[in-house]
Amino acid sequence: MSSQAPGVSPAPGLTPGLTPGVSPGHLITYPRFIARSLRLATDGSPLFYGWMILLTAVCLVGVHSWATQVRDGMIMTNMTDHVSWGLYIANFTFMVGVAAGAVMMVIPAYLYGDDDMHDLVIIGEILAIAAITMCIAFVSVDLGRPDRFWHMIPGIGRFNWPMSILTWDVLVLNGYLMLNLHITGYLLYMRFRGQRPARRWYLPFVYLSIAWAVSIHTVTAFLYCGLPSRPLWNTALMAPRFLASAFVSGPAFIILSLLVLRRFSDVTFGDRPIRTLVNIMRITILISLLMLASEVFTELYTGGSHTASAQYLYFGLHGHNALVPWIWTSVALTIIAAILLMIPSVHKRPGMLVVACVFAFVGLWIEKGMGLIVPAFIPSTLHEIVEYLPSLTEWRVTAGIWALGLMVFTIALKIGIPIFTGKESLANLRESQT
Amino acid sequence: MSANRREFLRNGVLALGAAATGAGAASLARAQGGASTGGKVTALTVEGKLVEVDAPEGQTPARALGPGDPELRKGIPGRKFIMVIDLAKCDGCGECINSCSKMHFIPPDRQWIKVLRMQDSENAAPYFFPQPCYHCDNPPCTKVCPVDATFKREDGIVLIDNERCVGCRFCMAACPYQARSFNWGHPNDPAEALAQPYSPEYGYPRKTGTVEKCDFCPDMARQGKLPACVTGCPMGAIYYGDQNEDAVTNSLGKTQPLSRLLRDRAGYRQMEELGTEPRVYYLPPVNRQYPAPDETAKEG
């Protein structure tokens, strides 16, 4: 964005705005945009305050537990040398999917010219920002030495790029965050100024973000499937499976958010966007289940020591079965969600839709989380069985990060929606002042 | 320490004796600082001939190198360290573990070298299987490290810089041999360990929240000594040496030509199919020199 001297008319590339007359320069309007955003973020109904207080409280519990973990070491978790990744990396993996899944609003809005979706697309971009924030938080709390996080900053640290897939993940996740921050920030600022956004300042980034969304989940899948030591992960189907499930969990969360917004905010929209998202989920949830069945068949019918992890996950191994209830809960929830989504009138029945979306979301949270990360370590490469269930510290930190993510999401919507719908703008501000 | 040194010197003499009979020799003492004879050193071929070869360039410091030393990531010049474990000789006594743990001040919750009880099928006899880090030539662990904290050296050794490690544990997920341990809590190193400056070549004083593993004892090699597990083995089951010299030596001072040993005894590497190219070879447990482990034998 170019900054201008105060009082100068907009640059030629920017279409003159909906407001008649000369727009003031960015040096004046940008601070006012920020100030108004801060005001919108902190001002609201008692319900909003109650919700934010709840989230802040949960977040602080997480911060406290993480502080304890930093002080006393990772011994506060239940992870071991045998199961060296647990709940944190499980949640990280799932949240990358939610971030990538948000693109399922962007594609109809920009590629298929769906105008109804276009009016709401900002919600998808805001979800991507919140989800990536959570991803970065989950990776950070999993580090044994968070004080050395700067070793992972390219240029400052000793970045093992391109060999280490984790360095690719650092780049694509932060890149996706930057893209969505730019797109959201630019569109909101232009709306606030009452100007039509210049296509060249956001459309290329939107198209880039669509490809980038695919890349974040593909690279995250490559973290796991490129390891010869973990046969459960060592499958070429990993990245496609990640994408299929991401395009279920992302839209599921967006539908739930839309239903909440319809109930608790004054934003209005028709049935079309929800119907589009339901249609997307109808396909992606079936693809996701099909690929899961294909993997489960390959593992269990083949047999042999390389399939021991799948045996452990679904049926238990030598009397050890800590994950069996988890994974069957996931299978049941996902299948029920798929059946509910197949009902033709589901998009008109909010109750049923909520159940379907919650079931799909939770089912995939288990499947892409605990059901994917933990069993790859059980049995260990030396065929020893050491089981893992998260410690209280891990649950608290995880809850704290979820609260943080929901806070980011809530605040961004609180700012974004009134500005995007034109209710809050520079013109309205001036009117109220005069 | 001094006892070990005497033992090695004695081994060196034995090695020379072996050289006279044409059995081959390993002279780890070559790596010792100041022991270089100048431009050329005398080495023995597998056929038992004495030949003059170029001495390693520059002085090799006798001391273990610190994390900031540029030579640390290169390794000991001209060397290619290798290990051979004779499963026919291992009786599972665990002295290699004790010796290693004592030298590296390893806490009781982990081992840098493990002794596994293996049994390939129900009808086959069980056997003991000592397992250090394999210092793979194609290491999956160094590949995945995002901050280049764990690295492969020209002398074949894979080390960890605990002052660079961020504790992401990707290397632990990548290692197919479970060679790596994590400092989950605050380490409780003894005063003797804390008195030393940190060096990745011996891995202590330990750092909270970082990964550690067997280091192939490069600090011992610099002093012309064998690794702790090798000297600790009363059976002489573990051989260590330099692949460039084609010779390996065990605790009994017996030096064997590496290539002939691997050929005659059908040496193999664990999980060869993964393509990790371990630098540790095993000799199959045929004609065992000890009773097979029974069902009640201690695992790991």
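Keep in mind that this is a model prediction, so the values were computed, not measured. (Residues numbered from 1 in each chain as written. Chains lettered and ligands numbered in written order. Predicted model: local features only at pLDDT ≥ 70, side-chain atom pairs only at ≥ 80, totals over all residues.)

A.B. asks: Help me understand the overall build of chain B, please; the structure alone is not making it clear to me.
C.D. replies: If you tally the helices and strands in chain B, you get 8 helices and 13 strands. When each of the 300 residues of chain B is scored for burial, the buried share is 50%. Of the contacts formed within chain B by residues at least 6 apart in sequence, a portion of 61% connects residues at least 24 apart. (Helix = DSSP H or I, 4+ residues; strand = E, 2+ residues; numbered from the N terminus. Buried ≥ 20, exposed ≤ 12 C-beta atoms within 10 Å, placed from the backbone. Contact = placed C-beta atoms within 7 Å.)

A.B. asks: Can you walk me through the overall build of chain A in this structure?
C.D. replies: The secondary structure content of chain A amounts to 16 helices and 0 strands. Taking 2.2 N^0.38 as the reference for a compact globule, 434 residues should give roughly 22 Å; the C-alpha atoms of chain A span a radius of gyration of 23 Å, in line with that estimate. Dimensions of chain A along its principal axes, counting C-alpha atoms only, are 75 × 55 × 40 Å. Burial statistics for chain A: of 434 residues in total, 45% are counted as buried. (Rg over C-alpha atoms; globule rule 2.2 N^0.38 Å.)

A.B. asks: Mind showing me how you'd approach the interface of chain A and chain B here?
C.D. replies: Quoted interface sizes are often the accessible area lost when the parts come together. Taken together, the contact pairs 31 residues of chain A with 32 residues of chain B. The element contributing the most residues to the side of chain A that touches chain B is helix α7 (residues 165-193) of chain A, with 4 residues. Here the side of chain A that touches chain B is composed, by residue class, of 13 nonpolar, 11 polar and 7 charged. (Nonpolar A, V, L, I, M, F, W, Y, C, P; charged D, E, K, R; others polar.)

A.B. asks: Whenever I open this one, the nonpolar core confuses me. Can you help?
C.D. replies: In a soluble, globular protein the nonpolar side chains are often hidden away together inside. Residues and elements named next belong to chain A. A99, A131, C135 and A360 are the most contacted members of the largest nonpolar core, which has 193 residues in total. Among the elements that take part in this core, helix α6 (residues 121-142) stands out by supplying 16 residues, more than any other. Ignoring any residue separated from it by four or fewer positions in sequence, one finds A131 in contact with M95, V98, A99, A102 and G405. (Core = buried A, V, L, I, M, F, W, Y, C linked by C-beta atoms within 7 Å.)

A.B. asks: Is there a simple way to explain the packing of helix α4 (residues 103-111) of chain A against α6 of chain A in this structure?
C.D. replies: When two helices pack together, their arrangement is given by the angle between the helix axes and by the axis-to-axis distance. Residue and element names in this part refer to chain A. Between α4 and α6, the shortest axis-to-axis distance is 8 Å and the interhelical angle comes to 145°. In terms of crossing hand, the pair formed by α4 and α6 is left-handed. Mapping the contact onto sequence places M105, V106 and A109 in α4 and V121, I123 and G124 in α6. Looking at the contact of α4 with α6 residue by residue, the class counts come to 5 nonpolar, 1 polar and no charged. (Axes fitted to C-alpha atoms, helices over the stretch in contact; angles between N-to-C directions. Left-handed = near helix turned anticlockwise from the far one by under 90°.)

A.B. asks: How should I be thinking about the environment of I89 of chain A in this particular structure?
C.D. replies: Residues and elements named next belong to chain A. Here I89 lies in helix α3 (residues 87-101). For I89 and G50, which are 39 residues apart along the polypeptide, the C-alpha to C-alpha distance reads 30 Å. Once residues lying within four places of it in the same chain are set aside, the contact partners of I89 are D142 and I373.

A.B. asks: Before we go on, may I ask you to explain the packing of α7 of chain A against helix α8 (residues 199-225) of chain A in this structure?
C.D. replies: All names here are of chain A. Their axes nearest at 9 Å, the elements α7 and α8 cross at an angle of 150°. As far as their axial angle goes, α8 and α7 are roughly antiparallel. α7 and α8 meet at a crossing whose hand is left-handed. Looking at side-chain class alone, the contact of α7 with α8 contains 21 nonpolar, 6 polar and 1 charged residues. (Parallel < 35°, antiparallel > 145°, perpendicular 65-115°, else oblique.)

A.B. asks: What am I meant to see in the environment of S65 of chain A here?
C.D. replies: Residue and element names in this part refer to chain A. With respect to the helices and strands, the residue S65 is situated in helix α2 (residues 46-72). Along the chain, S65 and G304 lie 239 residues apart, while their C-alpha atoms are 41 Å from each other. Apart from the residues within four sequence positions on either side, S65 is in contact with T393, R396, V397 and G400.

A.B. asks: What should I look at first to understand the pairing of strand β5 (residues 127-131) of chain B in this one?
C.D. replies: Working note: regular strand, side chains alternate between the two faces of the sheet. All names here are of chain B. Counting buried positions over the 5 residues of β5 gives 5, a clear majority of the element. Burial of the side chains of β5 extends over both faces: Y127, F129 and Q131 are buried on one face and F128 and P130 on the other. Relative to β5, strand β4 (residues 114-118) runs antiparallel, the two sharing 5 bridges. Residue K114 lies in a different strand from β5, and its bridge partner there is Q131. (Pairing = 2+ DSSP bridges.)

A.B. asks: Hey, could you run me through the confidence of the model for chain A in this one?
C.D. replies: Regions with low pLDDT carry predicted coordinates that are not meant to be interpreted in detail. For chain A, per-residue confidence averages 92 on the pLDDT scale, and residues scoring 70 or more make up 94% of the total. For the stretch residues 1-21 of chain A, pLDDT sits under 50, and the model shows 37 contacts to residues farther than four places along the chain or on other chains. (pLDDT = per-residue confidence, 0-100.)

A.B. asks: Explain helix α1 (residues 26-42) of chain A to me, please; I cannot follow it from the model alone.
C.D. replies: Three- or four-residue spacings in an α-helix give side chains the same orientation, since the helix completes a turn every 3.6 residues. Residues and elements named next belong to chain A. Between its first and last C-alpha atoms α1 spans 24 Å; for 17 residues at 1.5 Å apiece the expected length is 24 Å, and the two agree. All of the buried residues in α1 are H26, T29, F33, R36 and S37. Buried residues of α1, viewed axially, fall in a sector of 105°; they line one side. Exposed and facing more than 90 degrees away from the buried side of α1 are P31, I34, A35, L38, R39 and T42. Buried residues along α1 sit against α7, α15 (392-420) and α16 (426-433). (Expected span 1.5 Å × (residues − 1). Arc of directions from axis to C-beta.)

A.B. asks: Explanation requested: unusual backbone geometry in the structure shown.
C.D. replies: Negative phi is the rule for most residues except glycine; trans is the rule for most peptide bonds. With an omega dihedral of -5°, the bond running from I378 of chain A to P379 of chain A counts as a cis peptide bond. Phi angles above zero are rare outside glycine, and H135 of chain B is one such case at about 45°. In this structure, H135 of chain B sits in the loop between β5 and α3 (140-144).

A.B. asks: Please explain the sheet that holds strand β10 (residues 238-242) of chain B as it appears in this structure.
C.D. replies: Two modes of strand pairing occur in sheets, parallel and antiparallel, and in both the strands are linked by backbone hydrogen bonds. All names here are of chain B. With respect to topology, 5 strands assemble into an open sheet ordered β12-β11-β10-β3-β13, the strand pairing being mixed. Of all the strands in the sheet, just β12 (255-257) and β13 (280-283) have a single pairing partner and so form its edges. Put simply, the sheet's adjacent strands are angled 25° from each other on average, direction ignored. Bridge count between strand β3 (residues 81-86) and β10: 5 bridges; the pairing is antiparallel. Bridge assignment links M83 to a residue of β10, and that residue is Y240.

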